[in-house]
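An overview of the molecular structure
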Amino acid sequence: MYLAAAEQRLDLLEKETDGAPCSARWEEFPFSVLSHHGEACCDIAREWVKAMDYAQLNGGDLLSGPRWLRQRYEWGPSVWPLHWCEAVNEKVIDCGAHAALAHEAFEARGVTAFRAQFVQSYSPEAIGQWRTKWVEGEASDHWLDDEFIYHEGNALLAGGDEVKLWDGSAGCWVNPRQSGGYGSLMAVRIFADEAQASAGGFRWGLHRIAPNHWHHIG
Amino acid sequence: MKIFVSGLYCGGNPQPGVGIIRSLGQGYPDATLVGVEYSNRISGIHWEGIDDLWIQRPWDELDLDSHGEQVKEALDAGGMWISGSDLEAMWLADLFPDGHPNLLAPPMGALKRITKPAVEAARELPVKIPTYISTENSDWELHAFCRAQNWRVWLKGPYYDAARTPSWDSFEAARAALTKVWSTQRLFLQGHVSGYEESVMLSAYKGELLGAVSMRKRDITPEGKTWAGDISEVPNEFMIPLRRMVKELNWTGGGELEMVRDAGGQLWLLEMNPRFPAWVHGATIAGHNLPALLVQGATGTKSKPAPALSEEFTRVVLEVPVRDEYPLPPLPEPYAGAIGHSMKHPSGLTSLAKKLHKTNPEMLEAVPDPDAPDGLPRIPDSFVADIDSYDFAEVQTPQFLFMDSTAAGLFKRASDRAHRLSTNEVQVVSGYSIKTNPDERLIKLALDNGFLAECISLAEAQKAIEVGFRADQVILNGPGKWWPEGMMPKGRIHALFCDSIADLNRTVAALEAGEVSSRHVGIRLRTPNIVSRFGIPLDSPETFRKLVDAVKRLPTDTKFGIHFHMASDRVGVAQWWHLFESMLKWCRSIQALTGRTIAILDMGGGWFPDDWHADDDSKFAHAVETVKAMLPEVRQIVSEPGKAMAQPSMALAMRILEIQEHEEDYVEAVVDASIAELPMYFFYPHRMLRKCGKTGELTPLGRGKTHLMGRLCMEHDVVAANVQLPEGTRAGDLLIFCDAGGYDRSMSYVFGRG
């Protein structure tokens, strides 16, 4: 996301938000969006992601996670705004860029996918390490709090109202059985048209997640 | 209470004995737990929770009758027995055909119904069985199975062991090894299912299900074995039929259903084990002590409740003191010149397998199969007719035999299919790949049946023109298409595909200079996810950008086309069709990004004959429709069947020079052919026939203990392994290797002829 926009929201949210997902600062955060130059450079990048994703499926299930993206792009700091032609040529991208590429891939496959935001619990030591790395990378560390982190991924409709949550920068599906602790998922928000979810929201393991609202886990 | 527990192996692929003992120790702290093993090399015997040990000699030394008597005495004296080994459980079931109240293991009738891979007893569970084939089928059929499964297959032994066999030579090596280890030809190949592994463990007594839990693997060893997992209740839709199954089987003891859950959520059953799994104590940690439930069910003595400490468990590596009475044995001496110590199966389980085969060969045969394969390949009638047309008294062996009617039939079939698939908008035409076999008779058949000539060099193009092709029926392809200089066909050729951006630049220059003229000029795409050295790569956004820029440089007064090629027999049939769809997506992107419409699509190849000819038109018709939908400007689809035309069109005749008989029925027969005439021997099986010297009858060769050695003084000159020569075969008899008309013929070389 654009850093300026994010920081502006921080100011706003710290004053106004109540009942936020572990940290008030992420209550109204938008998910990250890759920019487009409006020229061939970004068209080529986008087409490449779609065609390469299908090639990498190797005849596997369309509901498989696009693991190849994590294999190609390490997880690390990205400086925003980030354009398509820039993102695909990087060696390291952050979770927002990972989620944006994965979403493009899922949609090109013809499966129903949504952008998702996570809040996860980590230790102060881990968060301190990431803060150093992001600052050194001249990237915003707005996603780090004292004991929680903001993270992005994807929700994939797996059949009926059931979703699977894809953590592209880890290259794995998020375990729907969460029991707290290091790395656990504390809250999730799935961005979807209300019409795309059933009345009870999306089913994820034993959870029912209403679209466009933060859902607290456990 | 005394409980005997076997299967204490604690290596990388551990047995459950120690876990069972830990769980029983928790549930029955006052019970005497006796660890049973068949080697003092098994580290689990040193586990502190074992109260007493009963160490037997390894299975290869053990007298089964006297050991059986001892087990019976122990059970009669009130001891209970929980087996941690599949093979031991089978032996016990055989030993106690009517069961024993204290034997907490399944009866033989139940074991027969869980024989893998079919696991007949599990038919009502919400699981599917991955597709499989017995290795008792002919090699020809096994190769077809591997192609159909995209070479994502496992060769599995009857009890343990599985090997990935991604190619024919790796399959042959693994089959030889497993057959030797387990003393049986009864192996099977099973298709791989991609997904996450999970298991259901159960505990039952006399058909009553006492408990069951579900476990998902959360961390695995390099061999894929559980290292950590999470435990949960078995859902009702699984539990209800499981309860019925246990009842039907009259199951006693532990059990495990090993499964894979695919991306769509479907469970695939890999096997059912007649014992608790090695992670059994992981479930106890989660509050589900199934071994204690089993003992409770058998004795009525209530076990101590199992507190749920965590829903998740993991393993750690622990050093424990060695028991004084069982000091560590020395390591065996490495074989001279070999690397490492041979330490597999220290208790001699493979010897037990051999003994069980001898004492009861039908033990694992669930239901005698009257339709069991005979292992002989089916020989097409046209092959027999073509071979019979030769007077072999006049044939100097080794010699390739042109299969006249077979070849004519293949080309006509391909031609007819192309006509059927063509429409007013899109013409479908076949291309004969000259390199597969440049025999003039085949090139002529291609010409007569409306094929185009697909050439990778100007020498090939010249050959095609000499046989009668016109320049405008020639397609030039590959990195060597400009070689040798000065042989470019006069006149406009049909199509030219650039193999690299450098090649494209050269082509543009040659077109501008008038050195070449072509109706279509295009590019060959390199498959991005399957290793290939040919075509323009797509593997990075930058290379893709360069490709897009390069295509824009192609002259606009020629029509544009795209070519891709991957041998379907190497990557598998379904994988090839996926690649086809994937390539269409790349084509669509290239078309959109360059503004150049694709008029010709040339796709190959390397089809195994059966995959190309046996299939009905439906897949090809669907492919044409898909092209029309995705690339509506395409006017011609060139389909390259590759070796599907040439391979069946020739056979190789050879004579047996000498037969050498060795120990244990092993035979080496030397023939006058060699790998110089059969260079593809390592890549696919050939259907082989022996022509009887007396009657002239043709008999297909099945599997056996004969190796056919080539005439060359080269160690690897073995043209067939493990075949069965018909009774009465002798030196001078004729053997015919079919399916030798493709790269066997075109890549054969002169060697050892002076």
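Residues numbered from 1 in each chain as written. Chains lettered and ligands numbered in written order. Predicted model: local features only at pLDDT ≥ 70, side-chain atom pairs only at ≥ 80, totals over all residues.

Looking now at the overall build of chain B. Counting its secondary structure elements, chain B contains 22 helices and 30 strands. Across its three principal directions, the C-alpha atoms of chain B cover 95 × 65 × 50 Å. Put simply, chain B has 754 residues, and 47% of those count as buried. Within chain B, residue pairs in contact and separated by at least 24 positions form 69% of the contacts whose partners lie at least 6 positions apart. (Helix = DSSP H or I, 4+ residues; strand = E, 2+ residues; numbered from the N terminus. Buried ≥ 20, exposed ≤ 12 C-beta atoms within 10 Å, placed from the backbone. Contact = placed C-beta atoms within 7 Å.)

Attention now moves to the nonpolar core. Membership of the largest hydrophobic core comes to 261 residues, with the highest contact counts inside it found for I3(B), M201(B), A453(B) and A651(B). Among the elements that take part in this core, helix α18 (residues 573-594) of chain B stands out by supplying nine residues, more than any other. (Core = buried A, V, L, I, M, F, W, Y, C linked by C-beta atoms within 7 Å.)

Residue and element names in this part refer to chain B. Strand order in the open sheet formed by four strands is β3-β2-β1-β4, with parallel pairing between adjacent strands. In this open sheet, the two strands that pair with only one neighbour each are β3 (52-55) and β4 (80-82). Sheet twist, expressed as the mean angle between neighbouring strand axes with direction ignored, is 25 degrees. Pairing analysis gives five bridges linking strand β1 (residues 2-6) to strand β2 (residues 32-37), with the strands arranged parallel. Across the sheet, the residue bridging to F4 is V34, located in β2. (Pairing = 2+ DSSP bridges. Axes fitted to C-alpha atoms, helices over the stretch in contact; angles between N-to-C directions.)

Residue and element names in this part refer to chain B. For K705, the position within the fold is in strand β28 (residues 702-709). Separated by 16 residues in sequence, K705 and A721 have C-alpha atoms that sit 7.8 Å apart. Discounting chain neighbours no more than four positions away, the residues touching K705 are D665, Y666, V667 and N722.

Across the contact, 22 residues belong to chain A and 24 residues belong to chain B. It is helix α2 (residues 40-56) of chain A that contributes the most residues to the side of chain A that touches chain B, eleven residues altogether. Across the side of chain A that touches chain B, the residue classes break down as eleven nonpolar, seven polar and four charged. (Nonpolar A, V, L, I, M, F, W, Y, C, P; charged D, E, K, R; others polar.)

Our focus in this paragraph is the packing of helix α1 (residues 17-27) of chain B against helix α9 (residues 290-299) of chain B. Residue and element names in this part refer to chain B. Across the interface, α1 lies against α9 with an axial gap of 7 Å and an inter-helix angle of 60 degrees. With respect to their mutual orientation, α1 and α9 come out oblique. Seen along the crossing, α1 lies across α9 with a hand that is right-handed. Contact residues: I20, S23, L24 and G27 in α1; P291, A292 and V295 in α9. Residues that form the contact of α1 with α9 fall into these classes: five nonpolar, two polar and no charged. (Parallel < 35°, antiparallel > 145°, perpendicular 65-115°, else oblique. Left-handed = near helix turned anticlockwise from the far one by under 90°.)

Take the sheet that holds strand β21 (residues 559-565) of chain B next. Residue and element names in this part refer to chain B. Strand order around the closed barrel formed by eight strands is β16-β17-β18-β19-β20-β21-β22-β23, with parallel pairing between neighbours. Neighbour-to-neighbour, the strand axes of this sheet turn through a mean angle of 25 degrees, independent of strand direction. Pairing between strand β18 (residues 474-476) and strand β19 (residues 493-498): two bridges, direction parallel. The partner of I475 across the bridge, within β19, is A495. In the packing of helix α15 (residues 501-512) onto the sheet, the strands contacted are β19 and β20 (518-524), and the crossing angle to β19 comes to about 145 degrees.

Now for the confidence of the model for chain B. When pLDDT is averaged across chain B, the result is 94; 98% of the residues are at 70 or more. Across the whole predicted complex the pTM is 0.93, and at the interface the ipTM reaches 0.92. (pLDDT = per-residue confidence, 0-100.)

All names here are of chain B. Note: strand β26 (residues 688-691) against strand β30 (residues 734-737), four bridges, orientation antiparallel. Across the sheet, M688 pairs through a bridge with F737, a residue of β30. The sheet contact formed by β26 and strand β27 (residues 698-700) spans three bridges and is antiparallel. Within β27, the residue paired with R690 across the bridge is T699. The loop that links β26 with its antiparallel partner β27 comprises six residues; one of these, G696, has a positive phi angle of about 80 degrees.

Attention now moves to α1(B). Residues and elements named next belong to chain B. Most of α1 is tucked away, with eleven of its eleven residues classed as buried. All buried positions along α1 are accounted for by G17, V18, G19, I20, I21, R22, S23, L24, G25, Q26 and G27. Residues of α1 that are buried make contact with β1, β2, β4, α8 (280-285) and α9.

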